[in-house]
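Secondary and tertiary structure notes
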Amino acid sequence: MELNTDKKQNEKASVETTIEDIKKSIIGQSNLVVNILNPLCNIDKLPSKVNPEESISIKIFFDGSVGNQLKKSDDELSIFERQKDNMVKIIIDEKFKEKYLYLSDKSNKGQGLSDVEESELHYMDTYLTSISQIAAMDAACEMLENQLNRKEYRTMSRAGDVAEVPEKMPIITNQMYRNAITYNEDDTAYIQPLKSVDKLVFKNNILYFEGFPASAAQIKHLYTKDNIETFDLPLLRVFYGTILNCYMKTIAEDNTIEEVITVYYPQLARQMGKSSNLSRLDTETTINDILKFRSIMGITEKGQNILPVLVYMGEDREKNTISFASPYMVKIVKDIYQASIRRNKKTGAAILKKDGSPLLKAAYSYLPNMSLAKEKNKSAVEIVCIVVATIEAAGNVNTPHISARTIIERNQLLKRRILNTANPSNKNKLLDRAFNKAWELLLTKTNIKDKYPDKRLPDMKAVDYKVKWIPTMGTLDMVFEFPSEPCK
């Protein structure tokens, strides 16, 4: 958890710690109790039961046991371990503890310290006081955040029958449907923005244009990509993940999905990495983003089946819920499920597991965090989705690789931004911002390093990082490879 380091804010915090109490804790005479008034957390609103005038007490004890050899660099002298809500263990380096106690005893006995020893003891006193306060502040903030979480779930239970918003953003890896949540034209499925939807009516699961069932040929004159900046594609992936999550939970029962999905807005916001303290403006912004999708249609079956992508169905302010429908995404979820069933090559019959459910081929990657949806650099988010799908499709057998040019071709938002930029230098700046942010998000907002610990991924601190990982208009044919390397 990050702490607020704003100077003016820090003046409002009160942390009580004395060096004598720290010494007693280090030698095991007593636990250190740190009292915090007005904890400085990234929490916009304190839980209602917290009195800002009362301090929070955190118990701290130090572990300097033999074998605690932590000092690998100047800032690795200690490790925090949460024990309970209000208790923290600080593991300190064994040699650091011995040196500290030696200098303290020498000073207390009046034996006199050299200038170097005086300076060293002062540093150690300052360090121990600082880490005690930081550990206590961290614990206090986590306590408050846990209270907020418990409050959220209690309130969510009162919201009624709501769909769970998952923590992970599913990325389609099934090659046939890989463009289903993209603007890339595909005979199987893709999404298409329209100039106008005034003459379109969706009724009984059929889209009508001027009173007749619509086909791609009839409404092709309405197609456009000029307005794709308007739409929040990562948000659409959030709703797709919610629909998919609902379907996978009910598939064993009746293989259906509710036509209208209702979500508890605070949970939706939380999974997207937004603040716990939500304003009315925040809710209205999300609703407006949903409403924009009314001018996008999902095109399937070579243009023979056209369905609305996302329809806003209303909100319940009292319950804090938002409802939406998506005939297109419901169809895609079901179609991908059917396409993923392993079948007997001779008979075509589904291969079943012991519990009677069908054996499925992998169709999604669940590596990205849903919080990717709040990122402002939407081009970078789309690059992450493309790269994750590439790596997951190759698995551990083949070496995943993809060129910068291919990524841009599949990333319509970035492609159009480049096309609409005349100055070559500005084009390169666009590429730099998009790819640099994408590699950062790949490393920090996905679990790719956990699943593929031996994959060669971008090293943003390397001297040749930009040469290897950031394309320019003159190096679009550069290929990004992600081979497996022996563990060092």
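Everything that follows concerns the structure shown earlier in this document.
Model, not experiment: these values are computed from the prediction. (Residues numbered from 1 in each chain as written. Predicted model: local features only at pLDDT ≥ 70, side-chain atom pairs only at ≥ 80, totals over all residues. Heavy atoms only, no water.)

**Here we look at the overall build of the chain**
To be explicit about the condition: In DSSP terms, a helix is any run of H or I states spanning at least four residues, a strand is any run of E spanning at least two, and both are numbered starting from the N terminus. Exposed residues in this analysis have more than 50% of their type's maximum accessible area, buried residues have under 20%, and partly exposed residues fall in between, with area computed by a 1.4 Å probe over protein chains only. Throughout, a contact is declared for two residues whenever any of their heavy atoms are within 4.5 Å.
The secondary structure content of the chain amounts to 15 helices and 18 strands. Counting the 488 residues in the chain, one finds 47% classified as buried. Long-range contacts, defined here as pairs at least 24 residues apart, represent 68% of the contacts in the chain between residues at least 6 apart.

**Details of the sheet that holds strand 12 (residues 296–300)**
Basically, it comes down to this: Only strands joined by at least two bridges in the DSSP assignment are considered to pair. For helices, the axis comes from a line fit to the C-alpha atoms of the stretch in contact; other axes are also lines fit to C-alpha atoms, and the angle between any two N-to-C directions lies between 0 and 180 degrees.
In space, the three strands of this open sheet follow the order 7-12-13, with antiparallel pairing throughout. At either margin of the open sheet sits one strand with a lone partner, and together these are strand 7 (189–193) and strand 13 (305–308). Here the strands of the sheet are splayed against their neighbours by 30° on average, with no regard to which way each runs. Running at roughly 120° to strand 13, helix 9 (residues 327–340) makes contact with strand 7, strand 12 and strand 13 of the sheet.

**A short note on the packing of aromatic side chains**
The criterion, for reference: We call Phe, Tyr and Trp rings a pair once their centres come within 6.5 Å, taking the six-membered ring for Trp, and we label the pair stacked below 30 degrees between planes, edge-to-face above 60, and tilted otherwise.
In the structure shown here, the tally under the stated rule is 12 aromatic pairs. Taking the centre distance of 6.0 Å and the plane angle of 50° together, the rings of Tyr 364 and Tyr 366 count as tilted. On the basis of relative accessibility, which here comes to 14%, the residue Tyr 364 falls in the buried class. Exposure remark for Tyr 366: the relative accessible area of 43% places this residue in the partly exposed category. Their ring planes at 40° and their centres at 5.8 Å tell us that Phe 435 and Phe 480 sit as a pair that is tilted. Remark: Phe 480 occurs in strand 18 (residues 479–481) and Phe 435 occurs in helix 13 (residues 424–444); sequence separation between them is 45 residues.

**Details of the pattern of salt bridges**
Applicable threshold: The term salt bridge refers to a pairing of a side-chain nitrogen on Lys or Arg with a carboxyl oxygen on Asp or Glu at a separation within 4 Å.
In the structure shown here, the tally under the stated rule is 24 salt bridges. One salt bridge connects Lys 274 with Asp 282, and the closest N-O pair in it is separated by 3.9 Å. Under the relative-accessibility criterion, Lys 274 is labelled partly exposed at 26%. When the shortest N-O distance is used, the salt bridge between Glu 392 and Lys 451 registers 3.0 Å. With Glu 392 in helix 10 (residues 378–394) and Lys 451 in helix 14 (residues 448–451), the pair connects residues that are 59 residues apart, well separated along the chain. Residues joined by salt bridges that share partners form a network here, namely Arg 280, Glu 284, Glu 315 and Arg 317.

**Some words on unusual backbone geometry**
Positioned with a positive phi, Asn 204 is a non-glycine residue whose angle comes to about 55°. Looking at the element boundaries, Asn 204 is found in the loop between strand 8 (200–203) and strand 9 (206–209). We note that Asn 205 has phi near 65°; this positive angle belongs to a residue other than glycine. Turning to its location among the elements, Asn 205 is positioned in the loop between strand 8 and strand 9.

**Let's talk about the nonpolar core**
Under the convention used in this document: Working definition of a nonpolar core: buried Ala, Val, Leu, Ile, Met, Phe, Trp, Tyr and Cys residues. They are joined through side-chain atoms within 4.5 Å.
Of all hydrophobic cores here, the largest spans 90 residues; its most connected members are Tyr 240, Tyr 328, Phe 435 and Trp 439. Dropping the residues within four chain positions of it, Trp 439 is found in contact with Val 387, Pro 458, Met 460, Tyr 465, Trp 469, Ile 470, Phe 480 and Phe 482. In terms of nonpolar packing, the next biggest core, distinct from the first, is built from 23 residues, Val 88, Tyr 100, Leu 103 and Ala 139 among them.

**A few points about a nonpolar patch on the surface**
Spelled out, the test is: For patch building, the residue pool is restricted to those with more than 30% relative accessible area and no salt bridge; the joining distance is 9 Å between like charges and 5 Å between nonpolar side chains (Val, Leu, Ile, Met, Phe, Trp, Tyr). Only the protein chains shown count as cover for residues, and the accessible areas themselves come from Shrake-Rupley with a 1.4 Å probe.
The grouping of Val 260, Val 311 and Met 313 at the surface amounts to a nonpolar patch, some 220 Å² of accessible area in total. Mapped onto the elements of the fold, Met 313 is located in strand 14 (residues 311–316). A relative accessible area of 44% means that Met 313 is categorised as partly exposed.

**Focus: the pairing of strand 15 (residues 321–325)**
Burial analysis of strand 15 places five of its five residues in the buried class, which makes it a mostly covered element. In strand 15, alternate side chains face the same way, and those of Thr 321, Ser 323 and Ala 325 on one face and Ile 322 and Phe 324 on the other are all buried. Pairing of strand 11 (residues 260–264) with strand 15 involves five bridges; the strand directions are antiparallel. Bridge assignment links Thr 262 to a residue of strand 15, and that residue is Ser 323. Two elements, strand 14 and strand 15, share five bridges in a ladder whose sense is antiparallel. The residue of strand 15 that forms the bridge with Tyr 312 is Phe 324. Two successive antiparallel strands, strand 14 and strand 15, enclose a turn made up of four residues, where Asn 320 displays a positive phi of approximately 65°.

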